[in-house]
Number of protein chains: 2
Amino acid sequence: MLALSDTCTAAITGRGGLCACLNATLLGRLRAVAGDVRLEAGEVLFAAGSPADALYGVRHGAVMLCSWVGQERRQILSFHFSGDMVGFAAGPNHHATAIALGRASLCRIPEAEMDQDGALRGHVMGIVQRNLAQSLDMQVRLGRMSAAERVRALLVELHGRLGGGHELHLPMRIAEMADYLGLRPETVSREMSALRHDGIVGVFSPDGMLPILRPEAL
Amino acid sequence: MLALSDTCTAAITGRGGLCACLNATLLGRLRAVAGDVRLEAGEVLFAAGSPADALYGVRHGAVMLCSWVGQERRQILSFHFSGDMVGFAAGPNHHATAIALGRASLCRIPEAEMDQDGALRGHVMGIVQRNLAQSLDMQVRLGRMSAAERVRALLVELHGRLGGGHELHLPMRIAEMADYLGLRPETVSREMSALRHDGIVGVFSPDGMLPILRPEAL
DNA sequence: CGATACATTGAGGAGGGTCAATCCGGGTGG
DNA sequence: CCACCCGGATTGACCCTCCTCAATGTATCG
């Protein structure tokens, strides 16, 4: 259980994950040191302030990175799905809290492993840069887009990251979408209703399924 | 002019800049390959879509990273002052435009140089991670803070980054602060007036000087 | 079948956007 | 030396988007 499972390799190899493009030697080294983490919905992977001593690769499920202003106002900084990495920190400690959105399994790569391998570092560098680009995108949405535009942008993003098609399985609730988009749940719900009335999406079923009737209209 | 000047070294060594903590050998190598860029106010360092083939270190002056929604709505993603680095991109091309806020001078380090040195790469990695943390902070501000809180947060940030004291030299106009904070210039001006009425700051003179009367009250 | 959790919808209010007038300092030209 | 102008900051009045609060609907679970 301490080695990267085959399913992990399959999952993490896709879409620019950590293990993609690594040669057999490196992959073997990683398998040898990677730990295994399993979380239930709502469980904390790491908390803000805790030591940042490992990177995590999402095998199955989804994880979100959260930050709080006071005790009440939550901002979700990012969603991480199968194949994504979480756990980067600028300093010795995490500045945000990572929480599982549903049942999730991840592999854990100790920080120390990074220091020993140049190719690995370079690879991780690319991932961090993509995370940065993603965060800058969010700055634009939060700073300059209307509620309707933000909801559409989220659906476009998730449609792309979760593999397109005419049905989208959203692993989060309306409340999480709202806290990601800097809106209230009621506002997100209203915008979703508007998209439904325009025939762009279908009904958002409680199990997270959202039919995308006209993907191009998003 | 193609070597890092002493003033550059002095500037970039501070506060986690690129050259800080590099040993003499590395610093020498960098001096040998670093180019020199001088910009007037409003000039473009690089544009969105142009090839990302170099990193830049700000010697003097200030640079901002901008993104546009349509042709009208501008979002300023970050400000970069003396000692900061700009130019990271997730792909082969820039996703945003870098513009000088006033007269600025920078050193230019070709991308190719990165690939040849592990220590250099590791150093740059730390800088990218700090940029990411900064961007995530902005997500929180833009998503969950009121206009008053955003303006105060900006002043706290600039007060810290521009070297504290009881007077702050802001290299940008109200319009740029607004586009950074996701607000309108009128709103920023109103909040600054409120801070002035509360005796926390003084009058914002046209040359960019802002007295900070009670730094602790921010 | 009630209880709970969440989505949805409605009504009303507030924060910040929009538009416009005024102010203010600096540069220019007579 | 002064009048004029120009760009940007400031302030006011009004309005709109989104928030707030509350009621209702709906699916899941004990």
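Residues numbered from 1 in each chain as written. Chains lettered and ligands numbered in written order. Predicted model: local features only at pLDDT ≥ 70, side-chain atom pairs only at ≥ 80, totals over all residues. Heavy atoms only, no water.

## With respect to the protein's contact with DNA strand C
Point 1. What surrounds DNA strand C is a group of 16 residues, the closest being A:Ile174, A:Ser193, B:Ala147, B:Arg184 and B:Thr187.
Point 2. Restricting attention to atoms of DNA strand C within 4 Å of the protein, one finds that 62% of them are sugar or phosphate atoms.
Point 3. One of the side-chain nitrogen or oxygen atoms of A:Arg196 is found 3.3 Å away from a phosphate oxygen of DNA strand C.
Point 4. The separation between a phosphate oxygen of DNA strand C and a polar side-chain atom of B:Arg184 is 3.2 Å.
Point 5. Taken together, the residues of the surface near DNA strand C sort by class into four nonpolar, five polar and seven charged. (Near = heavy atom within 4 Å. Polar contact = N/O pair within 3.5 Å; in protein donor to acceptor, adjacent residues only side chain to side chain. Nonpolar A, V, L, I, M, F, W, Y, C, P; charged D, E, K, R; others polar.)

## Observations regarding the packing of helix H6 (residues 174-181) of chain A against helix H7 (residues 185-197) of chain A
All names here are of chain A.
Point 1. At a minimum axis separation of 8 Å, H6 and H7 run at an interaxial angle of 105 degrees. Here H7 runs roughly perpendicular to H6, going by the angle between their axes. Of the residues in H7, those touching H6 at Ile174, Ala175, Met177 and Ala178 are Pro185, Val188 and Ser189.
Point 2. Of the residues that constitute the contact of H6 with H7, the class distribution is six nonpolar, one polar and no charged. (Axes fitted to C-alpha atoms, helices over the stretch in contact; angles between N-to-C directions. Helix = DSSP H or I, 4+ residues; strand = E, 2+ residues; numbered from the N terminus. Parallel < 35°, antiparallel > 145°, perpendicular 65-115°, else oblique. Contact = heavy atoms within 4.5 Å.)

## Quick word on the relation of the copies chain A and chain B
Point 1. It takes a turn of 180 degrees to lay chain A on chain B, together with a shift of 0.0 Å along the axis; the resulting RMSD is 0.0 Å. What the superposition gives is, in effect, a two-fold axis relating one chain to the other. Relative to the rotation axis, the closest C-alpha in chain A is found at A:Leu132, a distance of 2.5 Å.
Point 2. Looking at the interface residues of chain A, 100% of them are also at the interface in chain B, so both copies use one shared face. (Least-squares fit on C-alpha atoms with pLDDT ≥ 70 in both.)

## Points about empty space enclosed by the protein
Point 1. Scanning the entire structure with this criterion turns up one cavity of 30 Å³ or more.
Point 2. Estimated volume of the largest cavity: approximately 30 Å³.
Point 3. What lines the largest cavity is A:Arg121, A:Gly122, A:Met125, B:Arg121, B:Gly122 and B:Met125.
Point 4. For the lining of the largest cavity, the secondary structure elements donating two or more residues are helix H4 (118-144) of chain A together with helix H4 (118-144) of chain B.
Point 5. For the lining of the largest cavity, a count of residues per class yields two nonpolar, two polar and two charged. (1 Å grid on protein atoms, 1.4 Å probe; cavity = no way out; pocket = protein on both sides within 12 Å on 5 of 7 lines; lining within 4 Å. Points joined across faces, edges and corners; volume = space filled by probe spheres on them.)

## Comments concerning the domain arrangement of chain A
Residue and element names in this part refer to chain A.
Point 1. With domains assigned, chain A is organised as domain 1 (6-135) and domain 2 (145-217).
Point 2. Taken together, the contact pairs 14 residues of domain 1 with eleven residues of domain 2.
Point 3. Between domain 1 and domain 2, a total of about 1100 Å² is buried, with carbon and sulfur atoms accounting for 55% of that surface.
Point 4. The three residues of domain 1 that bury the most area against domain 2 are Arg74, Phe79 and Phe81, which together make up 49% of that side's buried surface.
Point 5. Counting the contacts that link domain 1 with domain 2 gives three salt bridges.
Point 6. Among the salt bridges present, the one from Asp179 reaches Arg74, with a minimum N-O distance of 2.7 Å.
Point 7. Sort the elements by how many residues they give to the side of domain 1 that touches domain 2 and strand S5 (residues 73-80) lands first, with seven residues.
Point 8. Broken down by class, the residue content of the side of domain 1 that touches domain 2 amounts to seven nonpolar, four polar and three charged. (Domains from an automatic or database assignment. Buried area = accessible area lost by both parts, 1.4 Å probe. Salt bridge = Lys/Arg side-chain N within 4 Å of Asp/Glu carboxyl O.)

## Description of the nonpolar core
Point 1. A:Leu106 and B:Leu106 are the most contacted members of the largest nonpolar core, which totals 67 residues.
Point 2. If we ignore the near neighbours within four places in the chain, the residues touching B:Leu106 are B:Gly35, B:Asp36, B:Val37, B:Leu39, B:Leu45, B:Tyr56, B:Gly57, B:Val58, B:Arg59 and B:Val63.
Point 3. Judged by nonpolar contacts, the second largest core, of 65 residues, contains A:Leu181, A:Met192, B:Ile76 and B:Leu155. (Core = buried A, V, L, I, M, F, W, Y, C linked by side-chain atoms within 4.5 Å. Buried < 20%, exposed > 50% of the residue type's maximum accessible area, 1.4 Å probe, protein only.)

## Some words on the pairing of strand S8 (residues 104-110) of chain B
All names here are of chain B.
Point 1. Taking burial as the measure, the seven residues of S8 include five buried ones, the bulk of the element.
Point 2. Here strand S1 (residues 35-39) pairs with S8 via five bridges, running antiparallel. Bridging across to S8, Gly35 finds its partner in Arg108.
Point 3. Here strand S3 (residues 54-60) pairs with S8 via six bridges, running antiparallel. Paired with Ala54 across the two strands is Pro110, which belongs to S8. (Pairing = 2+ DSSP bridges.)

## Digging into the sheet that holds strand S7 (residues 97-100) of chain A
Residue and element names in this part refer to chain A.
Point 1. Taken together, four strands build an open sheet; the order of strands is S2-S7-S4-S5 and the sheet is antiparallel. Single-partner strands in this sheet number two, and they are strand S2 (44-46) and S5. Geometrically, the sheet is characterised by an average inter-axis angle of 35 degrees between neighbouring strands, direction not taken into account.
Point 2. Bridge count for strand S4 (residues 63-69) against S7 is four bridges, and the pairing is antiparallel.

## Description of the protein's contact with DNA strand D
Point 1. Taken together, the neighbourhood of DNA strand D is formed by 16 residues, with A:Ala147, A:Arg184, A:Thr187, B:Ser189 and B:Ser193 sitting nearest.
Point 2. The contact in question runs from a phosphate oxygen of DNA strand D to an N or O atom on the side chain of B:Ser189, over 2.9 Å.
Point 3. At 3.3 Å from a phosphate oxygen of DNA strand D is found a side-chain nitrogen or oxygen belonging to B:Arg196.
Point 4. With five residues, helix H7 (residues 185-197) of chain B is the single largest residue contributor to the surface near DNA strand D.
Point 5. Looking at the surface near DNA strand D, its residues break down into four nonpolar, five polar and seven charged.

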